[in-house]
Protein chains: 2
Amino acid sequence: MQASHERSARSVRVGLGDRAYEILIGSGLLARAGEEIAARLPGSRAAVVTDENVAAAHLQAFEASLGVAGIESVSIRLEPGERSKSFAALQETVDAILAARLERRDAVVALGGGVVGDLAGFAAGVVRRGMNLVQVPTSLLAQVDSSVGGKTGINTERGKNLVGVFYQPKLVLADTDALDTLPPREFRAGYAEVVKYGLIDRPHFFAWLEENWREVFSGGAARIEAIAECCRAKAEVVERDEHETGERALLNLGHTFGHALEAATGYDSARLVHGEAVAVGMVLAHRFSARMNLASPDDAGRVEAHLREVGLPTRPDQIPGGLPGAEKLLSYIAQDKKVSRGALTFILTHGIGRSFIARDVPASEVLAFLQQEVEAR
Amino acid sequence: MQASHERSARSVRVGLGDRAYEILIGSGLLARAGEEIAARLPGSRAAVVTDENVAAAHLQAFEASLGVAGIESVSIRLEPGERSKSFAALQETVDAILAARLERRDAVVALGGGVVGDLAGFAAGVVRRGMNLVQVPTSLLAQVDSSVGGKTGINTERGKNLVGVFYQPKLVLADTDALDTLPPREFRAGYAEVVKYGLIDRPHFFAWLEENWREVFSGGAARIEAIAECCRAKAEVVERDEHETGERALLNLGHTFGHALEAATGYDSARLVHGEAVAVGMVLAHRFSARMNLASPDDAGRVEAHLREVGLPTRPDQIPGGLPGAEKLLSYIAQDKKVSRGALTFILTHGIGRSFIARDVPASEVLAFLQQEVEAR
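Residues numbered from 1 in each chain as written. Chains lettered and ligands numbered in written order. Predicted model: local features only at pLDDT ≥ 70, side-chain atom pairs only at ≥ 80, totals over all residues. Heavy atoms only, no water.

1. A short note on the overall build of chain A
Operational definition: Each helix corresponds to a stretch of at least 4 residues labelled H or I by DSSP, and each strand to a stretch of at least 2 residues labelled E; elements are numbered beginning at the N terminus. When accessible area is computed with a 1.4 Å probe and restricted to protein chains, residues below 20% of their type maximum are described as buried, those above 50% as exposed, and intermediate ones as partly exposed. Two residues form a contact once any of their heavy atoms are found within 4.5 Å. Here the accessible surface of atoms and residues is derived via Shrake-Rupley with a 1.4 Å probe, and residues count as covered only by protein chains that are part of the display.
When you go through chain A residue by residue, the secondary structure sums to 15 helices and 11 strands. Seen through its principal axes, chain A has C-alpha atoms that stretch 60 × 40 × 40 Å. For chain A, the residues scored as buried account for 58% of the 377 residues in total. Here the analysis covers contacts within chain A between residues at least 6 apart in sequence; of these, 74% occur between residues at least 24 apart. With an accessible surface of roughly 14600 Å², chain A has 48% of that area assigned to carbon and sulfur atoms.

Structure below.
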């Protein structure tokens, strides 16, 4: 049995000492989940946290897989969408786990996209001060980003992801077949994060994506290889800086501009989803780097051309419904007025695959750039 | 300045690698808190979490100390008592910290007893996935136990401390003068946890307490020495088993029986407070060990004599208001029916200072013992 999935799945190890864990990426992993979990957490019971959409597509088969492996389970279903990343949903999930009388040695299984993973991971991190956690990401975004590396959290009225814990899973199972049922727009949005790893420090991977993106979208070996490469990239960063005191911030490439755009659209997913915001944000980061004479404008053009080719937005004016002016966008970037008068931290680049953390970007330069990008066009 | 407090305070180091921290124990530390915090967390701002009672006694002087050291602060005041260990109080505290725009590099300061420390520590562990935390315990229980070692948490309807995180402080400041203003009953209750360290693995410390307990109660050098010894004992256990996968459970000596008694009294502090429950529980653990022929009955007698001498309850029939029968008490110990039919984990002892984790105690033996202790008397 071991041999059979060695053939069909890639394995990436996240080396964090006694908290090291394995990410399996491949086809058919949902059907094999019970077996993989039982092999690593023998004797454990499980609470499967999911949302109504994912439950409709995958829960029955998933629970069957657990049952065959002898894992007793209960399911906890969230409302789909970002609103489930709340204190109220956290408390409900925690209560449901406790009601099932699960112990620390039992497992919380996050079956779903980023919202499910963030909330279930947070719950697993706080029930009895930490239970076993298994991430089973079913969206491309979750497979390449949020299920790996231990960031969990919820939103508050004061902002997104302001409350949470760093809490590493014991296992990540990324079934690449699960992506076949995603809406195309959601798959494309997740693909922006795939491109991000190339832009940070993997220029050859970016070039490979330029050649092979169609196969990544259609499924099969190229998709598995792309996701595995993203997981390797993220694992390396997390191993060196688990708690984001330094270079882990590189993973925010495109996110500072992107978050401002998300805030400006009121986080209205009909207008803009996270991955689309990251796509526009990455183009802006490259264009801003070119404006600051840090990188060639040709690189910004190449990034934009690839993202446009796959169907992602690349410019603020492609976001439906109109945007506020540059001053307002800057205020979303620099929420603290003291910061907005001074220097900002951005992920900038010297070119494709050569991103770096710039800690002293003048707010005035950002404002002038935003005026050019948003107002002058 | 460094020299002056080297003279008046003991320092205990908790060696947890890059999360190591210092516990200072001594006289006058509240007045020096700003200076000590600024030396370790330069440039940080602070949110001081406290309760109304502690605020009345200490907050003004504490804030003045922060101010002198250049630390800007806000205060967050909880209702005194265990009810503040709730999801609602956690959310309010988190919101107040975020409203003050504190960042990860700023500090949450827990100024108070165990409830304040547990709640503020949990909040510090989850705001922005972990801010700096400083514990300033003002009760004996908090100084020798709850402020050291990183356990934080809240209660739910399903039980106490079922939700929380392991989160270590950057500094613990235990001002032994603060204990002068405690109600005598609360000091005595905290003293039960002092005795516990002697009973676990420090027989000489227990003998020293038998000789010197009056000075510990009255203040001065013996009190400082006793608290420092407890902190050393706890630090050693936490260093070896931070997340309680093994021997840290030894710190639960007296707590399994004690928790059952607390539950049986409905956590009514007029009848029984935690430290009193631990006192009775430690006597029961020694008597049960004697009954199981693990230890001499003389040791149980010596433990009981010392606790009785300082004014602590030592037997269930000293708890006012009556207790349920043995079957009911056992059900509080073994909440899961499957466990109650089988084996239980207890901290038992081979004699004073020779405690051990017993993982296979027959529930039937516990029941027979409780019948003897509660019903036959």
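2. Considerations on the packing of aromatic side chains
Applied cut-off: Aromatic pairs are defined between Phe, Tyr and Trp rings, using the six-membered ring for Trp, whenever the two ring centres lie within 6.5 Å; interplanar angles under 30 degrees are classed as stacked, those over 60 as edge-to-face, and all others as tilted. Charges are assigned to positions over rings by a cutoff of 6 Å between ring centre and Lys NZ or Arg CZ, combined with an angular limit of 35 degrees from the ring normal.
Scanning all chains against the criterion turns up 18 aromatic pairs over all chains. Measuring from centroid to centroid gives 6.0 Å for B:Phe205 and B:Trp208, while their planes differ by 20°, and the two rings are stacked. A residue pair is termed a helical-turn pair when its members lie 3 or 4 positions apart in one helix, as B:Phe205 and B:Trp208 do in helix 8 (residues 203–218) at three residues. The exposure class assigned to B:Phe205 is buried, which follows from its relative accessible area of 7%. Above the ring of A:Tyr197, the side-chain terminus of A:Lys196 is found at 5.3 Å from the ring centroid.

3. Some details on the packing of helix 13 (residues 326–333) of chain A against helix 15 (residues 363–375) of chain A
All names here are of chain A. Note the cut-off: In this description, a line fitted to the C-alpha atoms serves as the axis of each element, helices being fitted only across the stretch in contact, and the angle between N-to-C directions of two axes falls anywhere from 0 to 180 degrees. Angle categories: roughly parallel below 35 degrees, roughly antiparallel above 145, roughly perpendicular from 65 to 115, and oblique for all the rest. Handedness of a crossing follows from how the near helix is turned relative to the far one, being left-handed for an anticlockwise turn of less than a right angle and right-handed for a clockwise one. Here the term charged refers only to Asp, Glu, Lys and Arg, the term nonpolar to Ala, Val, Leu, Ile, Met, Phe, Trp, Tyr, Cys and Pro, and the term polar to all other amino acids, Gly among them.
Contact geometry of helix 13 with helix 15 gives a least axis separation of 8 Å together with a crossing angle of 130°. The pairing of helix 13 with helix 15 is recorded here as oblique in orientation. Regarding helix 13 and helix 15, the two cross each other, and that crossing is right-handed. On helix 15, the residues touching Ala 326, Glu 327, Leu 329, Leu 330 and Ile 333 of helix 13 are Ala 363, Val 366, Leu 367, Leu 370, Gln 371, Val 374 and Glu 375. In the contact of helix 13 with helix 15, the residues fall into nine nonpolar, one polar and two charged.

4. Considerations on the interface of chain B and chain A
Stated formally: Put simply, buried area is how much 1.4 Å-probe accessible surface two parts lose in total, over both of them, once they are put together. Every case where a carboxyl oxygen of Asp or Glu lies within 4 Å of a side-chain nitrogen of Lys or Arg is listed as a salt bridge. Residues adjacent in sequence count toward polar contacts only when both atoms are side-chain atoms; beyond that, a polar contact is any pair of N or O atoms within 3.5 Å, and within protein one must be able to donate a hydrogen and the other to accept it.
Listed per partner, the contact involves 29 residues of chain B and 29 residues of chain A. Between chain B and chain A, roughly 2700 Å² of surface is buried when both sides are summed, and carbon and sulfur atoms account for 56% of that area. Area buried by chain B at its contact with chain A is led by B:Phe87, B:Arg129 and B:Leu162, which between them contribute 27% of it. On the surface where chain B and chain A come into contact, there are zero salt bridges. Scanning the region where chain B abuts chain A turns up 10 residue pairs in polar contact (both at pLDDT 80 or more). Breaking the side of chain B that touches chain A down by element, the ones donating at least two residues are helix 4 (87–99), helix 5 (114–126) and strand 8 (159–163) of chain B. Looking at the side of chain B that touches chain A, its residues break down into 12 nonpolar, eight polar and nine charged.

5. Looking at the domain arrangement of chain A
Residues and elements named next belong to chain A. The test is simple: The split into domains, and so the bounds of each, comes from an automatic or database assignment of domains.
By the assigned domains, chain A splits into domain 1 (10–181) and domain 2 (195–375). Contacts between the two partners involve 27 residues from domain 1 and, on the opposite side, 22 residues from domain 2. When the two sides are added together, the surface that domain 1 and domain 2 hide from each other amounts to roughly 2100 Å², 60% of it contributed by carbon and sulfur. The interface formed by domain 1 and domain 2 includes six salt bridges.

6. Quick look at the relation of the copies chain B and chain A
Note the following rule: Superposition of the copies used a least-squares fit over C-alpha atoms from residues whose pLDDT is at least 70 in both.
Note on the copies: chain B fits chain A at an RMSD of 0.0 Å, the axial shift is 0.0 Å, and the rotation between them is 180°. With respect to symmetry, the two chain copies, as superposed, fit the operation of a two-fold axis. The fraction of interface residues of chain B whose copies in chain A are also interface residues reaches 100%, indicating that both copies meet through the same surface.

7. Remarks on the sheet that holds strand 1 (residues 9–14) of chain B
Residues and elements named next belong to chain B. Formally: For two strands to be treated as a pair, DSSP must find no fewer than two bridges joining them.
Taking strand neighbours across the sheet as the criterion, the seven strands line up as 1-2-9-6-5-3-4 in an open arrangement whose pairing is mixed. The sheet is open, and its two borders are formed by strand 1 and strand 4 (73–78), each paired with just one other strand. Within the sheet, the average angular offset between the axes of one strand and its neighbour, ignoring direction, is 15°. Bridge analysis of strand 3 (residues 46–51) against strand 4 gives six bridges, and the strand direction is parallel. Note on strand 4: the bridge partner recorded for Thr 50 is Arg 77.

8. Focus: the pairing of strand 9 (residues 171–175) of chain B
Residues and elements named next belong to chain B. Burial analysis of strand 9 places five of its five residues in the buried class, the great majority of the element. Residues of strand 9 alternate between two faces, with Leu 171, Leu 173 and Asp 175 on one and Val 172 and Ala 174 on the opposite face, all of them buried. Of the strand pairs in this sheet, strand 6 (residues 132–137) and strand 9 are connected by two bridges, and their pairing is parallel. Pairing of Gln 135 across the sheet is with Val 172, part of strand 9.

9. Details of empty space enclosed by the protein
Residues and elements named next belong to chain A. For the record, the criterion: A cavity here means a set of points on a 1 Å grid, drawn over the protein atoms and nothing else, where a 1.4 Å probe fits but cannot get out; a pocket is an open set with protein on both sides within 12 Å along at least five of seven lines, and a residue lines either one if it has an atom within 4 Å of a point. Grid points are joined across faces, edges and corners, and a volume is the space filled by probe spheres set on the points.
With the rule as written, the count across this model stands at five cavities of 30 Å³ or more. Here the largest cavity is characterised by a volume of approximately 40 Å³. Every residue along the wall of the largest cavity is listed here: Tyr 197, Ile 200, Asp 201, Arg 202, Ala 233, Val 237 and Leu 251. Looking at the lining of the largest cavity, the elements with two or more residues in it are helix 7 (184–201) and helix 9 (221–240).

10. What to know about the environment of A:Thr181
All names here are of chain A. As for its placement among the helices and strands, Thr 181 is situated in the loop between strand 9 (171–175) and helix 7. By relative accessible area, Thr 181 is classed as exposed at 56%. Along the backbone, Thr 181 and Thr 138 are 43 residues apart, and their C-alpha atoms lie at a distance of 9.4 Å. Engagement of the side chain of Thr 181 in a polar contact is seen with the backbone oxygen of Ala 178, the distance being 3.0 Å.

11. Re the sheet that holds strand 3 (residues 46–51) of chain A
Strand pairs in the sheet, formed through backbone hydrogen bonds, run parallel or antiparallel to each other. All names here are of chain A. The mixed open sheet is built from seven strands, whose spatial order is 1-2-9-6-5-3-4. Bordering the open sheet on either side are strand 1 (9–14) and strand 4 (73–78), each of which pairs with just one other strand. Within the sheet, the average angular offset between the axes of one strand and its neighbour, ignoring direction, is 15°. The strands touched by helix 4 (residues 87–99) within the sheet are strand 3, strand 4 and strand 5 (107–112), with strand 4 carrying the most contacts at an inclination of about 165°.

12. Observations regarding the pairing of strand 9 of chain A
Looking along a regular strand, one sees the side chains alternate between the two faces of the sheet. Pairing of strand 2 (residues 21–26) of chain A with strand 9 of chain A involves five bridges; the strand directions are parallel. If you follow A:Ile23 over to strand 9 of chain A, its bridge partner there is A:Val172.

13. Observations regarding unusual backbone geometry
All names here are of chain B. Unlike most non-glycine residues, Glu 244 shows phi in positive territory, near 55°. Secondary-structure assignment places Glu 244 in the loop between helix 9 (221–240) and helix 10 (255–264). In this structure, Asn 293 is a non-glycine residue whose phi angle is positive, near 60°. Mapped onto the elements of the fold, Asn 293 is located in the loop between helix 11 (274–291) and helix 12 (297–310).

14. Describing the state of the cysteines
Cut-off, in case you're wondering: We call a pair of cysteine sulfur atoms a disulfide when they lie within 2.5 Å.
In total, this model carries zero disulfides over all chains according to the counting rule given. A disulfide-free cysteine, A:Cys231 has its sulfur positioned 6.8 Å from the sulfur of A:Cys230, the nearest such atom.

15. Some points on the environment of B:Glu244
Residues B:Glu244 and B:Lys151, 93 residues apart in the sequence, show an inter-C-alpha distance of 9.9 Å. Excluding its chain neighbours within four sequence positions, the residues that come into contact with B:Glu244 are A:Arg104, B:Lys151, B:Phe166, B:Ala249 and B:Asn252. Within the structure, B:Glu244 has its side chain in polar contact with the side chain of B:Asn252 (distance 3.4 Å).

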